[in-house]
Each structure stands twice: as C-alpha cells, then as structure tokens.
There are 2 protein chains.
Amino acid sequence: MNEKTSRLTTEVKEQFMLEAIKEAKKAEMLNEVPIGAVVVIDGEIVGRGHNLREESLDATAHAEMFAIKEACKNIQNWRLERAQLFVTLEPCPMCSGAMLLSRVEEVYYGAKDPKGGTAGTLMNLLDDDRFNHVAYVESGILEEECGMLLTNFFRKLREKKKLLKKQKKD
Amino acid sequence: MNEKTSRLTTEVKEQFMLEAIKEAKKAEMLNEVPIGAVVVIDGEIVGRGHNLREESLDATAHAEMFAIKEACKNIQNWRLERAQLFVTLEPCPMCSGAMLLSRVEEVYYGAKDPKGGTAGTLMNLLDDDRFNHVAYVESGILEEECGMLLTNFFRKLREKKKLLKKQKKD
C-alpha cells in the first residue's frame, strides 16, 4: 500500500499542470494528439515534452518520455529522485514504466485514460510493490482543461474527415 | 486469451536470438548490464539495440527501446506490424509498453526477469486484451546463454567491488 503523500499545494500543482498544458498545445499546433508533460525538481522545471508520434514516426515519442529524457540530461543522472512529473493524460504502460525506471517520486495527471491508463484506471503500475520503485500518484489536476484539449482535438479531426469524404463525393 | 502462434522454426528463433546476444555483448564491453535486442521484419533485421543506461545517463536507454526506434526509422512508420522482437531478458513495463504502442506482432525472449518482467513473470502486459494490441510471447529462447551473460556480469561486478574494498583496507 502506497502511503506517500503530496508535498505540494493545489496552487502549485495547478501552476505546473498549466505548463504541461502549454506543452500539449505545442503538440496540437503540429496536428499531434495534444498531450504534454513537465518534470519538476525542487520547484524548477528540468524537463518538458509533448507528443510527437506522427511527426517523428516513432511509436515511443510520448510527452513523458521527452520530459524524462530531458530531465536526466539536465541533472546528469538517470535517477530523478525528488522529481515530480505532471502530465495532462494518465500515463500508458510505457510511460508508467519509464517513471518507475527513473525513480520519479510523485506523478500528477489531469484526465484519466479509460482505454490505456496504467496509473489507476486499468491498473496502477506506479503502486505495485513487486517493482523496485513506488511513486505517489494523484489524478484530476485541471482535469477538465486537460480532457477538453483531447475532446476538441478529436472532434475537429472527425469534422475534417467528414468534410474530406463529402468533398470526394461531390 | 492469446491464440496467436509463432511462424518461426526453432533454428530461426535461435539465429535471431544470437544477434540479440551480440548486442548484449556490446553493452558488456561498455560495462553496461548485458542486454540486447533486435527487431525483425520479413526475415530481415531492421532494428538493433543494447542497454546504455549508465553511459547515456538515461533511465529509458534500454536495448528494446533503441531497437524499436531504429526499426520505426528504417521502415518510416511507427507501426511495426509483422515485426518480431528478440530480446535476451524478459521486458520491463516500459519496454513491454513500447512493444504494444509499436504493434510488434511477436516477442521472443531468453531469460526470465523475476524482479521486473512483465511478459509473463510478474504479469503479462503483452497479453491483456484491455489494451489496443496483443502480442504473441515466447520465452526461453537460448535461455541459458542469455541468463549466463547476466550472471557472469554481476559476479564479476561483485568481485571487482570486493577487491576495491580490500584495497582500501590494505
């Protein structure tokens, strides 16, 4: 059982989630699914990232992976102890695994992912003491804003596809 | 339930696992934990990788991640359909997740990882139909050779540490 607690106030959590949202918007500008993440150590952002799967043609190009890699590079250590990771969408197995490997201490996310989320929804890989690390997890930080980014993106995508189909018919 | 079956003969499986072992030995030469992987499509190796965590100071620098990224780059597609991945050690959650995301069709590994393996040991993330992809998994390919690489590496590491401790005392 995970008995860790957050050391952050709601205000601070929302402040960093807004930074993750900024990253998600960068993805959206590139027509990528808008997901963003930041890694924070001692109140300072040491890693940022946004989803780049389509542009990079790389299945592993998730926001959290870029944020973790940048943080490791910046602190010149693969162990991100004392780190807090903020991400707009609940992490998938790959990103949850990367958080375990890099020993991220606290994970905060916005919207839940009912299809693939492994930080509480389908399972909680971050709170399984068979692995050699357990992280504190908190969901629902600016949940509506984070979720709306995705809802709007997919709505626009559907509308675009519909229009293209109609144009082909005409 | 995963009803997929392997399309490969034992000889072919061992041939590609020997290539993954070659990668593991490259890691060992760099004093990294000897783990190696290759991605194969239509009988051809399209991605190779070995563990580089210490040298790269990056927690995510696992053999499978490099092999998957290289394969995506080579075929210019993030979907590695029809791909077979060979890795000397059972994948961790991050690498299992990366295999799901890249839609690897078949995963073959050598030694089991009792501490963190998520392709059959602690759980099987590759055969969970709640995710949007399921892969065929087969373990035990050149298991002894793959396991011995790790056993020998950690034995030498312990001996080195013992020697250093003794030298400090003397």
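Rules used in this analysis
Residues numbered from 1 in each chain as written. Chains lettered and ligands numbered in written order. Predicted model: local features only at pLDDT ≥ 70, side-chain atom pairs only at ≥ 80, totals over all residues. Heavy atoms only, no water. UniProt positions renumbered as here; feature names shortened; annotations may be inferred. Helix = DSSP H or I, 4+ residues; strand = E, 2+ residues; numbered from the N terminus. Contact = heavy atoms within 4.5 Å. Buried < 20%, exposed > 50% of the residue type's maximum accessible area, 1.4 Å probe, protein only. Pairing = 2+ DSSP bridges. Axes fitted to C-alpha atoms, helices over the stretch in contact; angles between N-to-C directions. Patch = residues over 30% accessible without salt bridge, like charges linked within 9 Å, V, L, I, M, F, W, Y side chains within 5 Å. Areas by Shrake-Rupley, 256 points an atom, 1.4 Å probe, with all protein chains shown as cover. Salt bridge = Lys/Arg side-chain N within 4 Å of Asp/Glu carboxyl O. Lys, Arg positive; Asp, Glu negative; His and termini not counted. Charge placed at Lys NZ, Arg CZ, Asp CG, Glu CD.

As annotated in an unreviewed UniProt entry, chain A carries the name tRNA-specific adenosine deaminase and is attributed to Enterococcus wangshanyuanii. One UniProt comment on chain A, placed under Subunit (unreviewed entry), says "Homodimer."

1. Quick word on the UniProt feature "binding site: Zn(2+)" (unreviewed entry) in chain A
Residues given the UniProt feature "binding site: Zn(2+)" (unreviewed entry) here are His-62, Cys-92 and Cys-95 of chain A. In sequence the annotated residues extend across 34 residues, while in space they remain close, none of their C-alpha pairs exceeding 9.4 Å. Within the fold, Cys-92 of chain A resides in the loop between strand S3 (83-89) and helix H4 (93-101). Setting aside anything within four residues of it in sequence, one finds Cys-92 of chain A in contact with His-62, Gly-116 and Thr-118 of chain A together with Leu-101 of chain B. Among the structural elements, Cys-95 of chain A can be located in helix H4. Since its relative accessible area comes to 0%, Cys-95 of chain A is described here as buried. With residues near it in sequence (within four places) discarded, Cys-95 of chain A still touches His-62, Glu-64 and Met-65 of chain A.

2. Describing the environment of Ile-41 of chain A
All names here are of chain A. Checked against the element boundaries, Ile-41 lands in strand S1 (residues 36-41). Ile-41 gets classed as buried once you look at its relative accessible area, which sits at 9%. Through-space distance from the C-alpha of Ile-41 to that of Ala-83 is 4.7 Å; in sequence the pair is 42 residues apart. Residues in contact with Ile-41, not counting those within four places in the same chain, are Val-46, Ile-75, Glu-81, Arg-82 and Ala-83.

3. Side note on the sheet that holds S3 of chain A
Backbone-to-backbone hydrogen bonds pair the strands of a sheet. The strands run either parallel or antiparallel. Residues and elements named next belong to chain A. Pairing within the open sheet is mixed, and its five strands lie in the order S2-S1-S3-S4-S5. Pairing within the sheet leaves two strands with one partner each, and these edge strands are strand S2 (44-50) and strand S5 (136-138). Recorded for the sheet is a direction-independent mean angle of 15° between the axes of neighbouring strands. By the bridge criterion, six bridges tie S1 to S2 in an arrangement that is antiparallel.

4. Thoughts on the environment of Glu-32 of chain A
Residues and elements named next belong to chain A. With respect to the helices and strands, Glu-32 occurs in the loop between helix H1 (10-29) and S1. In this structure the C-alpha to C-alpha distance between Glu-32 and Arg-53, which are 21 residues apart in sequence, comes to 7.2 Å. When sequence neighbours within four positions are dropped, the list of residues in contact with Glu-32 reads Ala-27, Asn-51, Leu-52, Arg-53, Glu-54, Glu-55 and Phe-153.

5. Describing a negative patch on the surface
Residues and elements named next belong to chain A. The grouping of Glu-11, Glu-14, Glu-143, Glu-144 and Glu-145 at the surface amounts to a negative patch. At the level of elements, H1 and helix H5 (143-169) are the ones that each hand at least two residues to the negative patch. It is H5 that provides the largest number of residues to the negative patch, a total of three residues. Relative to the helices and strands, Glu-11 resides in helix H1.

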